[in-house]
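# Coordinate inspection notes
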Amino acid sequence: MTSTNQNIEQLLLQCKSNNQRAQLEVYNRYNKAMYNTAIRIVKDSFKAEDIMQESFLTAFTKLNTLEDTNVFGAWLKRIVVNNSIGYYNKNIKQNEVPLESILYKVEDDSGIIEDNQNNHKVKQIMSVMKNLKPNYSLGLTLHLIEGYDYEEICDIMNISYANCRTMISRAKESLRKKLIQTA
């Protein structure tokens, strides 16, 4: 067992007894990754930060329900994704702000350093994904960026398996066509 995992386990034990220093340390270790997860879905920096913080509060209050502390990161990410999807669905139903009109920037200094050509391609793909239909954009983000499989996406988006596969297939095709048009 690595010292980091052991440290996380010890921190989580301290968090269960409401140790604020331990909670701050856990927050500092996971906040960038959870923020990036939220912003990819909600596409609003301020709301992504709110969702991230609400998710940490939920995680800390429900920490006693977590049986295996080794999966804390995945469990926390699932809380962030669920909260982000909940906001996204509520926002779409209320039709407050069209997602295509929101500009956002993801900052993550700890990511993989890529050469300029690959970085340009990634920015181009992300830009084109913002112009897809909202459900296409969300489906592709969950599948390609967040790494969720079809079953998980079905649960998150509350759609059937066949509908999910069809939607992602059509989203990929739409993305390909738009990328060809911009090339």
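Above: the structure in question.
First things first, this report covers the structure right here in the doc. (Residues numbered from 1 in each chain as written. Predicted model: local features only at pLDDT ≥ 70, side-chain atom pairs only at ≥ 80, totals over all residues. Heavy atoms only, no water.)

### What to know about helix α2 (residues 20-42)
- Counted at 1.5 Å a residue, the expected span for α2 with its 23 residues is 33 Å, but the 29 Å between its end C-alpha atoms falls short.
- Y30 marks the point of greatest bend in α2, at about 50°.
- Between the side-chain oxygen of the N-cap and the backbone nitrogen of R21 there are 2.9 Å, and the N-cap of α2 in question is N19.
- Following α2 by one or two positions, K43 adopts a phi angle in the positive range, close to 55°. (Helix = DSSP H or I, 4+ residues; strand = E, 2+ residues; numbered from the N terminus. Expected span 1.5 Å × (residues − 1). Bend = angle between axes of the 7 residues up to and from the residue. Polar contact = N/O pair within 3.5 Å; in protein donor to acceptor, adjacent residues only side chain to side chain.)

### Focus: the packing of aromatic side chains
- All told, the structure shown has five aromatic pairs when counted by the stated rule.
- Ring centres 6.1 Å apart and planes at 40° place the aromatic pair F56 and F60 in the tilted group. You can see F56 and its partner F60 sitting in helix α3 (residues 45-61), four residues apart, about one turn around the helix.
- Residue classification places F56 among the buried positions, given a relative accessible area of 2%.
- We classify F60 as buried; its relative accessible area is 13%.
- Taken together, Y27, F56 and F60 form an aromatic cluster joined through their ring pairs. (Phe/Tyr/Trp six-rings, centres within 6.5 Å; stacked < 30°, edge-to-face > 60°. Buried < 20%, exposed > 50% of the residue type's maximum accessible area, 1.4 Å probe, protein only.)

### Considering the pattern of salt bridges
- This structure, assessed with the given rule, holds four salt bridges.
- Salt-bridge contacts for R40 lead to E146; the nearest nitrogen and oxygen are separated by 2.7 Å. Here R40 is found in helix α2, whereas its partner E146 is found in the loop between α6 (134-145) and α7 (150-157), with 106 residues between them in sequence.
- Classification of R40 as partly exposed rests on a relative accessible area of 21%.
- With a shortest N-O distance of 2.9 Å, E173 and R176 are connected by a salt bridge. In this pair, E173 and R176 both sit in helix α8 (residues 161-182), three residues apart, roughly one turn of the helix.
- Note on E173: relative accessible area 35%, which makes it partly exposed.
- Given a relative accessible area of 45%, R176 falls into the partly exposed group.
- Because the salt bridges share partners, they merge into one network encompassing R40, K77 and E146. (Salt bridge = Lys/Arg side-chain N within 4 Å of Asp/Glu carboxyl O.)

### Regarding α8
- The terminal C-alpha atoms of α8 lie 31 Å apart, and with 22 residues this matches the ideal 32 Å at 1.5 Å per residue to within 8%.
- Residues C164, M167, I168, A171, S174 and L175 constitute the buried set of α8. When α8 is viewed along its axis, its buried side chains cluster within an angular range of 130° and face the same direction. Exposed positions of α8 whose direction lies more than 90 degrees from the buried face are A162, R170, K177 and I180. (Arc of directions from axis to C-beta.)

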